[in-house]
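Close look at the chain arrangement
Here are the chains, one letter per residue:
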Amino acid sequence: MRNEGTVVLVAGFPAGSFATNCYVVAPAAGEECVIIDPGQDAEAGIDEVLREHRLKPVAVILTHGHIDHIWSVAPVCGARDVPAYIHPDDRGLLTDPARGLSLNVGQQLFGGITFSEPDDVRELTDGATLKLAGLELTVDHAPGHTPGSVTFRTPPAEEIPDILFSGDLLFAGSIGRSDLPGGDYPTILRSLANVCLPLPDETVVLPGHGAQTTIGRERATNPYLTDLTPSDGPSKGL
């Protein structure tokens, strides 16, 4: 038995050369699901998860517009005829992902590759509750890594910890970099303070890269959360 909106199935895998965590989220096996952040070469991994758990996707939702998180959004949405959700401040990155990187890096990565929006793009708003696939996910705008970065969190449920899909806002032991175009270090610190720190310690954090953690662990040990006063943000990764 489960309460309406309770997540009981989350399958994730690192996609592509960036090792970006792509998540497939559903109430249970054999039901509808949402896909979070289909990165580079994510289609095969998504198809495997869908087959294994007999899932039907109804939407792709994006934590932000960096290329390592949106690389496969158009083909995944097109193959399944589902919409993509992204914050309007990052929507332009769907068609021009090099805007989120330095020019030289963009040229090296993309060469002759072109990117396009899915046919159906819907915009996320701060504080909205997405009701998709029998799930409820609260959207929190969390700029600083990119202007349109968001997180997704599940509602409280008895005996099941909250889940925060943190994108590149918060990692185990670190935070997202803020030195790329559109990033801003004071802004990401405000997002961490406003979005992450109010959550219960037992909240499970599923980040855009690396291993899962909890809010309590990060509150106690993450140098960017303990006093929110480091002089510089990290400059590795995307």
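Provided above is the structure to which this section pertains.
Here we summarise the structure given alongside this text. What you see is a predicted model, and the numbers here were worked out from it, not measured in a lab.

Structural notes on the overall build of the protein chain
Helix and strand content of the protein chain: seven helices and 14 strands. Taken over 238 residues, the protein chain has a buried fraction of 54%. Sequence separation of at least 24 residues holds for 62% of the intrachain contacts in the protein chain that already meet a minimum separation of 6. Put simply, the protein chain shows about 10400 Å² of open surface, and 48% of that area lies on carbon and sulfur atoms.

Focus on the side chain of Glu 218
On the secondary structure map, Glu 218 appears in helix H6 (residues 215-221). One buried charged residue, Glu 218, remains without a salt bridge, the closest side chain of opposite sign being Arg 217 at 5.4 Å. Within the structure, Glu 218 has its side chain in polar contact with the side chain of Thr 213 (distance 2.6 Å). A polar atom in the side chain of Glu 218 sits 2.9 Å from the side chain of Asn 222.

Notes on the packing of aromatic side chains
Evaluated as defined, the whole model comprises three aromatic pairs. Each ring, one from Trp 71 and one from Phe 115, has its centre 5.5 Å from the other, and the planes form 90 degrees; the classification is edge-to-face. Here the residue Trp 71 occupies a position in the loop between helix H2 (67-70) and helix H3 (73-80), and Phe 115 occupies one in the loop between helix H4 (103-110) and strand E6 (121-123), the gap between them amounting to 44 residues. Members of the aromatic cluster, joined through ring pairs, are Phe 18, Trp 71 and Phe 115.

Overview of the pattern of salt bridges
Evaluated as defined, the whole model comprises seven salt bridges. Arg 80 is the salt-bridge partner of Asp 47, the closest N and O atoms lying 2.8 Å from each other. Residue Asp 47 is located in helix H1 (residues 43-53), and its partner Arg 80 is located in helix H3; the two are separated by 33 residues in the primary sequence. Among the residues examined, Asp 47 registers a relative accessible area of 28% and is labelled partly exposed. Of the charged contacts in the structure, one is a salt bridge between Glu 123 and Arg 91, with a shortest N-O distance of 3.2 Å. Residue Glu 123 is found in strand E6, and its partner Arg 91 is found in the loop between strand E5 (84-86) and H4; the two are separated by 32 residues along the sequence. The exposure class assigned to Glu 123 is partly exposed, which follows from its relative accessible area of 43%.

Considering the pairing of strand E13 (residues 204-207)
Side chains of E13 alternate between two faces, with Val 204 and Leu 206 and Val 205 and Pro 207 buried alike. Bridge analysis of strand E10 (residues 163-167) against E13 gives four bridges, and the strand direction is parallel. Its bridge partner lying in E13, Phe 165 is registered against Leu 206. The pairing of E13 with strand E14 (residues 213-214) spans two bridges and is classified as antiparallel. Residue Val 204 lies in a different strand from E14, and its bridge partner there is Thr 214. Between E13 and E14, which pair antiparallel in sequence order, lie five residues; one of them, Gly 210, sits at a positive phi of approximately 80 degrees.

Some points on unusual backbone geometry
One non-glycine residue, Ala 19, adopts positive backbone phi at about 55 degrees. For Ala 19, the position within the fold is in the loop between strand E1 (9-15) and strand E2 (20-26). Residue Ala 19 is classed as partly exposed on the basis of its relative accessible area, which comes to 36%. A positive phi is found at Arg 54, a non-glycine position, where the angle reads about 55 degrees.

What about the pairing of strand E4 (residues 56-61)?
Judged from the five bridges that link them, strand E3 (residues 32-36) and E4 form a sheet pairing that is parallel. Across the sheet, the residue bridging to Ile 35 is Val 60, located in E4. Between E3 and its parallel partner E4, the chain crosses via H1, and the hand of that crossover is right-handed.

What to know about the packing of H1 against H3
The interhelical angle for the contact between H1 and H3, taken along N-to-C directions, is 40 degrees, at an axis separation of 10 Å. Of the possible angle classes, the one that applies to H1 and H3 is oblique. Seen from H1, the contacting residues are Glu 43, Ile 46, Asp 47 and Leu 50; seen from H3, they are Pro 75, Val 76 and Arg 80. Taken together, the residues that form the contact of H1 with H3 break down as four nonpolar, no polar and three charged.

Conventions and cut-offs
Residues numbered from 1 in each chain as written. Predicted model: local features only at pLDDT ≥ 70, side-chain atom pairs only at ≥ 80, totals over all residues. Heavy atoms only, no water. Helix = DSSP H or I, 4+ residues; strand = E, 2+ residues; numbered from the N terminus. Buried < 20%, exposed > 50% of the residue type's maximum accessible area, 1.4 Å probe, protein only. Contact = heavy atoms within 4.5 Å. Areas by Shrake-Rupley, 256 points an atom, 1.4 Å probe, with all protein chains shown as cover. Lys, Arg positive; Asp, Glu negative; His and termini not counted. Salt bridge = Lys/Arg side-chain N within 4 Å of Asp/Glu carboxyl O. Polar contact = N/O pair within 3.5 Å; in protein donor to acceptor, adjacent residues only side chain to side chain. Phe/Tyr/Trp six-rings, centres within 6.5 Å; stacked < 30°, edge-to-face > 60°. Pairing = 2+ DSSP bridges. Right-handed = clockwise from strand over helix to strand, strands pointing away. Axes fitted to C-alpha atoms, helices over the stretch in contact; angles between N-to-C directions. Parallel < 35°, antiparallel > 145°, perpendicular 65-115°, else oblique. Nonpolar A, V, L, I, M, F, W, Y, C, P; charged D, E, K, R; others polar.

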